[in-house]
Amino acid sequence: MDVLINVFVALHIIGIASLLGGFLTQMKAMSAGTARFTPAMLHGALVMLITGVALVGLNQADDQTVNNIKIGIKLAVLVVVLGLVYVKRDEEKVDKGLFAAVGGLTTANIFIATLWV
């Protein structure tokens, strides 16, 4: 079970790398006002959602304790990010504030995952 959990953790990290990487590559475009949400950002957020739900289920099936409050907050933040990216995915330009919010919420999700014990 540990190997399976670690595989899903790795996939979860790949998802967040895709989401955050897509944001970081658009930073210069954001300052110019031409940033847009890339397909990699949408796919990364979807991978995070699917693997995150799977990780909670696998950890509970393995009788490991799961901090449901932490997971709930992370899920809420991810749903907001996923909603923003999904709704605005076809637009040529995204508002700077909205784009920055996605980057900020993604970063906050990383800090929640790593710093909240």
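Bear in mind the structure is a predicted one, so any value in this text is a computation, not a measurement. (Residues numbered from 1 in each chain as written. Predicted model: local features only at pLDDT ≥ 70, side-chain atom pairs only at ≥ 80, totals over all residues. Heavy atoms only, no water.)

### Structural notes on the overall build of the chain
A count of helices and strands for the chain gives five helices and zero strands. Compactness check: the chain gives a C-alpha radius of gyration of 15 Å against a globular reference of 13 Å for 117 residues, within 12% of the reference. For the chain, the spread of C-alpha atoms along the principal axes amounts to about 50 × 20 × 20 Å. Across the 117 residues that make up the chain, the buried fraction comes to 32%. Excluding contacts between residues fewer than 6 apart, the proportion of contacts in the chain whose partners are at least 24 apart in sequence is 80%. A total accessible area of about 6,700 Å² is found for the chain, and carbon and sulfur atoms account for 70% of it. Taking the average location of the 8 positive side-chain charges in the chain and that of its 7 negative ones, the two points are 13 Å from each other. (Helix = DSSP H or I, 4+ residues; strand = E, 2+ residues; numbered from the N terminus. Rg over C-alpha atoms; globule rule 2.2 N^0.38 Å. Buried < 20%, exposed > 50% of the residue type's maximum accessible area, 1.4 Å probe, protein only. Contact = heavy atoms within 4.5 Å. Areas by Shrake-Rupley, 256 points an atom, 1.4 Å probe, with all protein chains shown as cover. Lys, Arg positive; Asp, Glu negative; His and termini not counted. Charge placed at Lys NZ, Arg CZ, Asp CG, Glu CD.)

### Looking at the side chain of Gln26
In this structure, Gln26 sits in the loop between α1 (2-25) and α2 (27-32). If we skip the residues at most four places from it in the chain, Gln26 touches Thr34, Ala35, Arg36, Thr38 and Phe99.

### With respect to the nonpolar core
Nonpolar side chains tend to gather and get buried jointly when the protein is soluble and globular. If you look at the biggest cluster of nonpolar residues, it comprises 19 residues, and the most contacted ones within it are Leu19, Phe23, Phe37, Met41, Val85, Phe99 and Val102. For this core, the secondary-structure elements that each account for two or more residues are α1, α2, α3 (39-61), α4 (68-87) and α5 (96-115). (Core = buried A, V, L, I, M, F, W, Y, C linked by side-chain atoms within 4.5 Å.)

### Topic: a nonpolar patch on the surface
A contiguous nonpolar surface patch, about 420 Å² in accessible area, is contributed by Val3, Val7, Leu11, Ile14 and Val47. Of the residues forming the nonpolar patch, the biggest block, four residues, is contributed by α1. Structurally, Val3 is set in helix α1. The exposure class of Val3 is exposed, given its relative accessible area of 65%. (Patch = residues over 30% accessible without salt bridge, like charges linked within 9 Å, V, L, I, M, F, W, Y side chains within 5 Å. Salt bridge = Lys/Arg side-chain N within 4 Å of Asp/Glu carboxyl O.)

### Some thoughts on α3
With 23 residues, α3 ought to run about 33 Å at 1.5 Å a step, and its terminal C-alpha atoms sit 33 Å apart, in line with that. Taken together, the buried residues of α3 touch α1, α4 and α5. Positive phi shows up at Asp63, right after α3, with a value of about 60 degrees. (Expected span 1.5 Å × (residues − 1).)

### As for the packing of α3 against α4
Across the interface, α3 lies against α4 with an axial gap of 9 Å and an inter-helix angle of 160 degrees. Taken together, α3 and α4 sit at an angle that is classed as roughly antiparallel. Seen from above, α3 lies across α4 with left-handed handedness. Contacts between α3 and α4 involve Met41, Leu42, Ala45, Leu46, Met48, Leu49, Val56 and Gln60 on the former and, on the latter, Asn68, Ile71, Leu75, Leu78, Leu82, Val85 and Tyr86. Along the lines of polarity and charge, the residues of the contact of α3 with α4 split into 13 nonpolar, two polar and no charged. (Axes fitted to C-alpha atoms, helices over the stretch in contact; angles between N-to-C directions. Parallel < 35°, antiparallel > 145°, perpendicular 65-115°, else oblique. Left-handed = near helix turned anticlockwise from the far one by under 90°. Nonpolar A, V, L, I, M, F, W, Y, C, P; charged D, E, K, R; others polar.)

By themselves, these are just geometric observations and shouldn't be taken as functional.
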